[in-house]
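If you want the building blocks of each chain, they are given just below.
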Amino acid sequence: MGFVRELNDEDVQVSHAISLGADMKYSPFTRNDTRTNYFKSCFVEAQNGLDPYGDWTKFAVKMAQLNYLSARFSFLVDEQYYRKAYGDEAVDKRLFANLGCGKNWNHPFWTGFDGEVATDPKTGLHHVDFSTGLALEVPDNTFHLVYCSHLLEHFNAHDGKRLVREMLRILKPGGLIRVITPDIMLFLEAYQQNNTFFFDKFLSNHWPQEGEIEQQFLYHFAAPVSSIFKNSDRDPLPSTRVKEMFAQMPVEDALNKIIALCEDFSSPYNPHINWYSADKLCQMLSACGFVDPKESRYCRSDAFVLRDPLVFDTTQSDASVFVEARKPVLDDKSEQDYTTIEKPVS
């Protein structure tokens, strides 16, 4: 069997039943947990064909199969590998952190932090409002791995750096961080090429798509000034102005000028208000004290346990950028002051 779990007969039957559009009263979907209920709703939408694009139904049914197995097992990489690689204490005490884990997160060896979960020691979940700027109630040098997917783009530059420095603090020396955000270069390329397919169809399963392409582009990194975002106190940035900015300014200057319009925006809907590329993420990690930052790829982490597609790299992987770095290992005479690390980020 190795380090990957085998599927038993029930799993195969359930997966087949799902693909045939089986009765929704079938036992796997009647369990009372949010993760399974979420997958149930996805499957219902797929069966009802709510998306105007015909290929979505087949795609969602396949995802329902995959997500059922994820809900059943919670992980694909076997427990023995975790124990072999990190030791019994790391597994038993959940010394792996997922910041911004989301309400459907569930893993037996990981500790999850998010604003949409209730603190529950049994599940390893901790309610955290990242917008407060308060430190996590975690000692320094606690976790072997820190995973952060699609969280930083919800914060301005200052708060984002503060969050990254907090990740450095809680990570063990030599530990690895994996950060994932939307890849602005993919969105920018699609915008510059007037690729309406990218916005109107390729990402239609993830976000609402309507309006001019400039407004769709803005929605993914500066939502408060996009006409698509309906819960903003900011005036929408006219599409003509967006065109002018990218025609007259260097790309990064235009992007930064736009997100400056979202500074200090606060909303319970927590939209995207920042942009990231591989270069920007690497510079940010380095400025906050990490070493050896580098671009990674989908399910190609340097930490083997993160190469589990059932639970990691699951959010918009086809439009994301993946970056990893490590916390420096200090000699016995050195002590790190995590409150003062801040080098200039260009």
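Residues numbered from 1 in each chain as written. Predicted model: local features only at pLDDT ≥ 70, side-chain atom pairs only at ≥ 80, totals over all residues. Heavy atoms only, no water.

K.L.:
Just to check I follow, could you spell out the overall build of the protein for this structure?
P.N.:
A tally of helices and strands in the protein yields 12 helices and seven strands. Here the protein, with 346 residues, has 49% of them falling under the buried criterion. Put simply, of all contacts in the protein between residues at least 6 apart along the chain, 68% involve residues at least 24 apart. For the protein, the exposed surface amounts to about 17300 Å²; the carbon and sulfur share of it is 49%. (Helix = DSSP H or I, 4+ residues; strand = E, 2+ residues; numbered from the N terminus. Buried < 20%, exposed > 50% of the residue type's maximum accessible area, 1.4 Å probe, protein only. Contact = heavy atoms within 4.5 Å. Areas by Shrake-Rupley, 256 points an atom, 1.4 Å probe, with all protein chains shown as cover.)

K.L.:
Is there a simple way to explain the pairing of strand β7 (residues 320-326) in this structure?
P.N.:
Working note: regular strand, side chains alternate between the two faces of the sheet. Judged by how many residues are buried, β7 sits mostly within the fold: six of seven residues are covered. For strand β5 (residues 171-182) and β7, the ladder comprises seven bridges, and the chain directions are antiparallel. The residue bridging Pro182 from the neighbouring strand is Ser320, located in β7. Note that strand β6 (residues 291-295) and β7 share three bridges and pair antiparallel. For Lys294, the partnering residue across the bridge sits in β7 and is Glu324. (Pairing = 2+ DSSP bridges.)

K.L.:
Whenever I open this one, the packing of helix α10 (residues 239-248) against helix α11 (residues 251-260) confuses me. Can you help?
P.N.:
Two quantities define a packed helix pair, namely the angle between the axes and the distance from one axis to the other. One way to put it is that α10 packs onto α11 with a least axis distance of 8 Å and a crossing angle of 145°. Where α10 approaches α11, its residues Arg241, Met245 and Phe246 are matched on the opposing element by Val251, Ala254, Leu255, Lys257 and Ile258. Grouping the constituent residues of the contact of α10 with α11 by class yields six nonpolar, no polar and two charged. (Axes fitted to C-alpha atoms, helices over the stretch in contact; angles between N-to-C directions. Nonpolar A, V, L, I, M, F, W, Y, C, P; charged D, E, K, R; others polar.)

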